[in-house]
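What the coordinates show
One-letter residues, chain by chain:
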Amino acid sequence: NAGVMQNPRHLVRRRGQEARLRCSPMKGHSHVYWYRQLPEEGLKFMVYLQKENIIDESGMPKERFSAEFPKEGPSILRIQQVVRGDSAAYFCASSWTVKNTEAFFGQGTRLTVV
Amino acid sequence: EDQVTQSPEALRLQEGESSSLNCSYTVSGLRGLFWYRQDPGKGPEFLFTLYSAGEEKEKERLKATLTKKESFLHITAPKPEDSATYLCAVQGDTGNQFYFGTGTSLTVIP
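Report on the accompanying structure.

Rules of the game
Residues numbered from 1 in each chain as written. Chains lettered and ligands numbered in written order. Predicted model: local features only at pLDDT ≥ 70, side-chain atom pairs only at ≥ 80, totals over all residues. Heavy atoms only, no water. Contact = heavy atoms within 4.5 Å. Buried area = accessible area lost by both parts, 1.4 Å probe. Salt bridge = Lys/Arg side-chain N within 4 Å of Asp/Glu carboxyl O. Polar contact = N/O pair within 3.5 Å; in protein donor to acceptor, adjacent residues only side chain to side chain. Nonpolar A, V, L, I, M, F, W, Y, C, P; charged D, E, K, R; others polar. Phe/Tyr/Trp six-rings, centres within 6.5 Å; stacked < 30°, edge-to-face > 60°. Helix = DSSP H or I, 4+ residues; strand = E, 2+ residues; numbered from the N terminus. Pairing = 2+ DSSP bridges. Axes fitted to C-alpha atoms, helices over the stretch in contact; angles between N-to-C directions. Buried < 20%, exposed > 50% of the residue type's maximum accessible area, 1.4 Å probe, protein only.

1. Some remarks on the interface of chain A and chain B
If you look at the interface, chain A gives 23 residues, while chain B gives 19 residues. Buried area between chain A and chain B, summed over both chains or domains, comes out near 1,800 Å², and the portion from carbon and sulfur atoms is 54%. Where chain A packs against chain B, one counts zero salt bridges. At the junction of chain A with chain B, the criterion picks out seven residue pairs in polar contact (both at pLDDT 80 or more). Residue composition of the side of chain A that touches chain B, by class: eleven nonpolar, seven polar and five charged.

2. Some words on the packing of aromatic side chains
Centre-to-centre distance and the angle between the planes together describe a pair of aromatic rings. Under the definition given, this model contains eleven aromatic pairs over all chains. Their ring planes at 65° and their centres at 5.5 Å tell us that Phe104(A) and Phe46(B) sit as a pair that is edge-to-face. In this pair, Phe104(A) is assigned in strand S10 (residues 104–105) and Phe46(B) in strand S5 (residues 45–50), connecting two distinct chains.

3. A look at the sheet that holds strand S8 (residues 75–79) of chain A
All names here are of chain A. Taking strand neighbours across the sheet as the criterion, the four strands line up as S1-S3-S8-S7 in an open arrangement whose pairing is antiparallel. With one partner strand each, in any of the chains shown, strand S1 (5–7) and strand S7 (65–68) form the two edges of the open sheet. Each strand of the sheet is rotated relative to its neighbour by a mean of 15°, with strand direction disregarded. The pairing of S1 with strand S3 (residues 19–24) spans three bridges and is classified as antiparallel. Across the sheet, residue Met5 finds its bridge partner in S3, namely Ser24.

4. Some details on the pairing of strand S3 (residues 19–26) of chain B
All names here are of chain B. Pairing analysis gives five bridges linking strand S1 (residues 3–7) to S3, with the strands arranged antiparallel. The partner of Ser7 across the bridge, within S3, is Asn22. Across six bridges, S3 lies against strand S8 (residues 70–75) in antiparallel orientation. Paired with Ser19 across the bridge in S8 is Ile75.

5. Looking at the environment of Phe104(A)
For Phe104(A), a relative accessible area of 28% translates into the label partly exposed. Remark: the alpha-carbon pair of Phe104(A) and His29(A), spanning 75 residues in sequence, is separated by 9.8 Å. Apart from residues lying up to four places away in sequence, Phe104(A) is in contact with Val4(A), Met26(A), His29(A), Cys92(A), Ala93(A), Ser94(A) and Phe46(B).

6. Details of the sheet that holds strand S6 (residues 56–59) of chain B
Residues and elements named next belong to chain B. Pairing in this open sheet of five strands is antiparallel, and the strands run S1-S3-S8-S7-S6 from one edge to the other. Looking at the sheet topology across the chains shown, the edges are occupied by S1 and S6. The sheet shows a mean angle of 15° between the axes of neighbouring strands, direction not considered. Sheet topology places S6 next to strand S7 (residues 62–66); four bridges connect them, and they run antiparallel. Across the sheet, Glu58 pairs through a bridge with Lys63, a residue of S7.

This is how it looks when you write it as structure tokens:
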């Protein structure tokens, strides 16, 4: 019963380094969402992808952040030249369709920038 | 813009003391309203989906209801293991994302 798998669970990066967060959706799911959660704040949408396509990236910062969901392999959220403000929990969710259905979340990657 | 407001922010209950959590929403064309439970350091765990006003869903001590403007999560005779943050989210017909509230932190005291 493999759910949404995210790795690593914890990631420490120095300012200026790159962070790569991976997400394998549930079996049979082709829709992936990335969310960011800061302490005492709600989940903020970043990007929605289908296989090989970015559908909605309206929540992604314009610089340093990118996402992909290749035909084979996990979805990747990439943060270049990290800054302290990027420290947060990043969650991935997947669903089997985009309309009228729930999304299932992974356990998250906690990024700490030192 | 689609929006979700949850109340109260925090709730402390004695074990067995029933109560309700509120989720008020504004959305253009509701596709679905979703309840999740989140434990510290974990990802949100899916509980319920509600699609239309009047709909109700139940699971153990939890019951979710939906009107045109709000949803309630009723907790009957809660136990300490029900302590968690409960999140509400909506999806409308103008976009793809789920809009989340900031949650209600529930503590059930033995």
